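Chain by chain, the residues run as shown.
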Amino acid sequence: MSSPSKRREMDLMKLMMSDYRVEMVNDGMQEFYVYFHGPNESLYQGGVWRVRVELPDAYPYKSPSIGFVNKIYHPNVDEMSGSVCLDVINQTWSPMFDLVNVFEVFLPQLLLYPNPSDPLNGEAAALMMRDRPAYEQKVKEYCEKYAKPEDAGAPKEDISSDEELSEDEYDSSDEAVVGKPDP
């Protein structure tokens, strides 16, 4: 690669061509949001998070800054700021990694295998170690409360049609269509 800006462009295009929805901030390629779905067969399955990504000028030689925008209950994610505590992003980043690695490998691994011994959310870490069923219940509550597609800022077309109209809003009873029976 001839320069960090070319690499930034290439990595961002690769991410946009994958299955992730990317929303740019301003005209630059340094700040954007990625809509991240909780990994299958995890406590976070079904959840959708808007993840803020900032690429430093020295990217890919310096790691991206990653943070959850909507709340997530996890020992290694700060509940208030959404900051992520993940060694591979914060300490052992290498230019061999790219943005797709962050969303296909690093974040799913973080959610599947939390590390309560290195917490950013001390309450979540303590609960996980002390009472695993209560921790799992709280994770699920947060997913239901804060990680629905609309909580992540997903537009209506990303929300399934089942969620758009409730039974009360759309009356599909037969008598309204059929009318009175013939005598």
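Check the entry above for the structure.
About the thresholds
Residues numbered from 1 in each chain as written. Predicted model: local features only at pLDDT ≥ 70, side-chain atom pairs only at ≥ 80, totals over all residues. Heavy atoms only, no water. Core = buried A, V, L, I, M, F, W, Y, C linked by side-chain atoms within 4.5 Å. Buried < 20%, exposed > 50% of the residue type's maximum accessible area, 1.4 Å probe, protein only. Helix = DSSP H or I, 4+ residues; strand = E, 2+ residues; numbered from the N terminus. Contact = heavy atoms within 4.5 Å. Axes fitted to C-alpha atoms, helices over the stretch in contact; angles between N-to-C directions. Parallel < 35°, antiparallel > 145°, perpendicular 65-115°, else oblique. Salt bridge = Lys/Arg side-chain N within 4 Å of Asp/Glu carboxyl O.

Undergrad: When you look at the nonpolar core in this model, what are you seeing that I'm missing?
TA: Generally speaking, nonpolar side chains in soluble globular proteins are found buried as a group. F103 and L107 are the most contacted members of the largest nonpolar core, which has 40 residues in total. Listing elements by their share of this core, those giving two or more residues are α1 (4-17), β2 (31-37), β3 (48-54), β4 (65-68), α2 (87-90), α3 (99-112), α4 (122-130) and α5 (132-146). Of all the elements, α3 adds the most residues to this core, at eight residues. In contact with F103, not counting residues within four places along its chain, are L15, Y20, V34, F36, V51, V53 and P108.

Undergrad: Teacher, can you tell me more about the packing of α1 against α3 here?
TA: Between two packed helices, the angle of one axis relative to the other and the distance separating the axes together describe the packing. Two elements in contact, α1 and α3, have axes whose closest approach is 7 Å; the angle formed by their N-to-C orientations is 40 degrees. It follows from the interaxial angle that α1 and α3 lie oblique. Across the interface between the two elements, D11, L12, K14 and L15 from α1 touch L99, V100 and F103 from α3.

Undergrad: Please clarify how the pattern of salt bridges should be interpreted in this entry.
TA: Side chains that differ in charge, positive against negative, can pair when their charged atoms come close. The tally for this structure, following the rule as stated, stands at eight salt bridges. The salt bridge involving E23 is made with R21; its shortest N-O contact spans 3.6 Å. Overall, the relative accessible area of 29% leaves R21 in the partly exposed class. Three or more residues are tied together by salt bridges with common partners; here these are R21, E23 and R50.

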